[in-house]
Amino acid sequence: MEEINNIEVVPCTESDYLKPFRVHYNQNGTKKSWDFMRTHDSVSVLIFNTTSHCFVLVKQFRPAVYMCEWEKTKMQPPQSADKTEEGASEAAAAESQEGQSASEGESSSQWPPASAGVTYELCAGLVDKPDLSLEEIARQEVLEECGYDVPASKLKRITSYRSGVGVTGAKQTMFYAEVSDDNCVSAGGGEPREGELIEVVKVPLHEAMTFAYDERIPKTMGVIFSFIWFHNNMSPKYKISTNV
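This one's a predicted model, so the numbers in the text were calculated from it and none came from an experiment.

Along the chain, the regular secondary structure elements total six helices and nine strands. By the burial criterion, 33% of the 244 residues in the chain qualify as buried. Taking the intrachain contacts of the chain between residues at least 6 apart in sequence as the baseline, contacts between residues at least 24 apart amount to 67%. Put simply, the chain shows about 15300 Å² of open surface, and 51% of that area lies on carbon and sulfur atoms.

Moving on to the layout of surface pockets. Volume-wise, the largest pocket comes out at about 2100 Å³. What lines the largest pocket is a set of 46 residues, and nearest its centre among them are Tyr-17, Gln-60, Arg-62, Glu-121 and Leu-126. Secondary structure elements with two or more residues in the lining of the largest pocket: strand E3 (42-49), strand E4 (54-61), helix H1 (63-74), strand E5 (118-121), strand E6 (123-126), helix H3 (134-146), strand E7 (156-163) and strand E8 (170-179). Residues belonging to the lining of the largest pocket are distributed by class as follows: 20 nonpolar, 16 polar and 10 charged.

Each turn of an α-helix holds 3.6 residues, which means side chains three or four residues apart point in the same direction. The first and last C-alpha atoms of H3 sit 18 Å apart over 13 residues, in line with the 18 Å expected at 1.5 Å per residue. In the core, the buried residues of H3 are packed alongside E3, E4, E6, E8 and strand E9 (199-204). Gly-147 sits one or two residues past H3 and shows a positive phi near 85 degrees.

Turning next to the packing of aromatic side chains. The relative placement of two aromatic rings is captured by the distance of their centres and the angle of their planes. The tally for this structure, following the rule as stated, stands at 12 aromatic pairs. Consider the rings of Phe-55 and Phe-230, whose centres lie 4.8 Å apart with planes at 85 degrees: the pair is edge-to-face. Of this pair, Phe-55 sits in strand E4 while Phe-230 sits in helix H5 (residues 221-233); the two residues are 175 residues apart in sequence, bridging distant segments of the chain. Phe-230 matches Phe-55 in its accessibility class, with the two residues each being buried. Centroid distance Tyr-176 to Phe-230: 6.0 Å. Interplanar angle 55 degrees. Geometry classified as tilted. In this pair, Tyr-176 sits in strand E8 while Phe-230 sits in helix H5, placing the two residues 54 residues apart along the sequence.

Two faces make up the sheet, and in a regular strand the side chains alternate between them. Residues of E6 alternate between two faces, with Cys-123 and Gly-125 buried on one and Ala-124 and Leu-126 left unburied on the opposite face. Of the pairings in the sheet, the one linking E3 to E6 comprises four bridges and is antiparallel in character. Across the sheet, Ser-44 pairs through a bridge with Ala-124, a residue of E6.

Turning to a nonpolar patch on the surface, a few remarks are in order. The grouping of Val-23, Tyr-25 and Trp-34 at the surface amounts to a nonpolar patch, some 270 Å² of accessible area in total. Note on Val-23: relative accessible area 33%, which makes it partly exposed.

Looking at where Val-43 falls in the secondary structure, it is placed in strand E3. Spatially, the C-alpha atoms of Val-43 and Leu-134 are 7.0 Å apart, while their sequence positions differ by 91 residues. Non-local contacts of Val-43, meaning those with residues more than four positions away in its chain, are made with Cys-123, Ala-124, Gly-125, Val-127, Leu-134, Ile-137, Ala-138, Gln-172, Thr-173 and Phe-175.

Below, the discussion takes up the side chain of Gln-172. Turning to its location among the elements, Gln-172 is positioned in strand E8. A polar contact of 2.6 Å, which involves the side chain of Gln-172, links it to the side chain of Tyr-161. Those residues in contact with Gln-172 that sit more than four places away from it in its chain are Ser-42, Val-43, Ser-44, Thr-159, Ser-160 and Tyr-161.

This paragraph deals with the nonpolar core. Judged by nonpolar contacts, the single largest core of 24 residues is most densely connected at Leu-46, Phe-55, Tyr-176, Phe-211, Phe-227 and Phe-230. Elements with a minimum of two residues in this core: E3, E4, E8, E9, helix H4 (208-213) and H5. Discounting residues that sit within four places of it in the chain, Tyr-176 has contacts with Leu-46, Phe-48, Lys-154, Leu-155, Lys-156, Ile-158, Trp-229, Phe-230, Met-234 and Tyr-238. Ranked by size, the runner-up nonpolar core spans 17 residues in total, among them Val-56, Ala-138, Tyr-148 and Ile-198.

A few words on unusual backbone geometry. Among all residues save glycine, negative phi is the norm, and among peptide bonds the norm is trans. Although it is not a glycine, Asn-6 sits at a positive phi angle of roughly 50 degrees. Secondary-structure assignment places Asn-6 in the segment before strand E1 (19-27).

Relative to the helices and strands, Ser-226 resides in helix H5. Polar side-chain contacts of Ser-226 include one of 2.9 Å to the backbone oxygen of Gly-222. In contact with Ser-226, other than residues within four places in its own chain, are Leu-46, Leu-122 and Met-174.

Reading guide: rules and limits
- Residues numbered from 1 in each chain as written.
- Predicted model: local features only at pLDDT ≥ 70, side-chain atom pairs only at ≥ 80, totals over all residues.
- Heavy atoms only, no water.
- Helix = DSSP H or I, 4+ residues; strand = E, 2+ residues; numbered from the N terminus.
- Buried < 20%, exposed > 50% of the residue type's maximum accessible area, 1.4 Å probe, protein only.
- Contact = heavy atoms within 4.5 Å.
- Areas by Shrake-Rupley, 256 points an atom, 1.4 Å probe, with all protein chains shown as cover.
- 1 Å grid on protein atoms, 1.4 Å probe; cavity = no way out; pocket = protein on both sides within 12 Å on 5 of 7 lines; lining within 4 Å.
- Points joined across faces, edges and corners; volume = space filled by probe spheres on them.
- Nonpolar A, V, L, I, M, F, W, Y, C, P; charged D, E, K, R; others polar.
- Expected span 1.5 Å × (residues − 1).
- Phe/Tyr/Trp six-rings, centres within 6.5 Å; stacked < 30°, edge-to-face > 60°.
- Pairing = 2+ DSSP bridges.
- Patch = residues over 30% accessible without salt bridge, like charges linked within 9 Å, V, L, I, M, F, W, Y side chains within 5 Å.
- Salt bridge = Lys/Arg side-chain N within 4 Å of Asp/Glu carboxyl O.
- Polar contact = N/O pair within 3.5 Å; in protein donor to acceptor, adjacent residues only side chain to side chain.
- Core = buried A, V, L, I, M, F, W, Y, C linked by side-chain atoms within 4.5 Å.

Shown next, in the form of structure tokens:
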């Protein structure tokens with residue numbers, strides 16, 4: 001998963017997933033404009049294994065996260081006034097090299113480690129099948145990504161919310177699914193034909209809140225929110241502390 005190389009950043013002129021627009025409008029007499037991205041809505045699923053009393057998450061490499069980390073590495077501290085000409089020359093050469101694209105032989109040392117783009121997430125997927133209900137789409141994602149065969153009727157709707165409201169405003173609907181080892185029919189891992197490479201990760205219930213608030217662990221807001229929801233609504237049922 002973490003063997004990332006031959007990186008090349010190019011303009012995105014056409015995409016099945018993102019479509020950029022600019023909207024012009026008047027608000028209370030003031031003319032305004034806003035750039036936004038049209039994207040698909042999505043579903044996510046908090047999976048709890050009742051056999052092992054653990055949450056089932058997915059771990060995968062996210063290029064957008066990785067590139068954000070790469071942008072941070074490009075920020076150089078201001079040069080000191082007494083920098084020698086030799087040092088200035090070396091800096092200029094380094095900047096010139098940094099400006100080269102990956103396809104032109106950019107040094108791999110300029111890129112952060114692949115682990116910088118790996119995140120922990122809920123099982124999730126796009127709402128891009130108009131003939132299926134949200135529950136049926138969520139069921140397919142649980143099966144493909146995590147390997148559990150759960151009837152759509154067993155999925156409990158938690159809530160829906162807008163994500164990325166400054167850029168996309170897409171809606172995500174979150175579900176809760178209880179599974180057992182008996183429901184596990186495959187190792188999961190995603191759909192290779194769609195370019196998915198997913199690692200299934202289990203988080204013990206008693207470590208859940210520590211995991212949620214540990215900022216050293218890269219994770220989505222959905223993980224944090226869903227763990228809190230479980231603590232408030234479901235943990236009394238199992239009489240096990242979520243370590244709050």
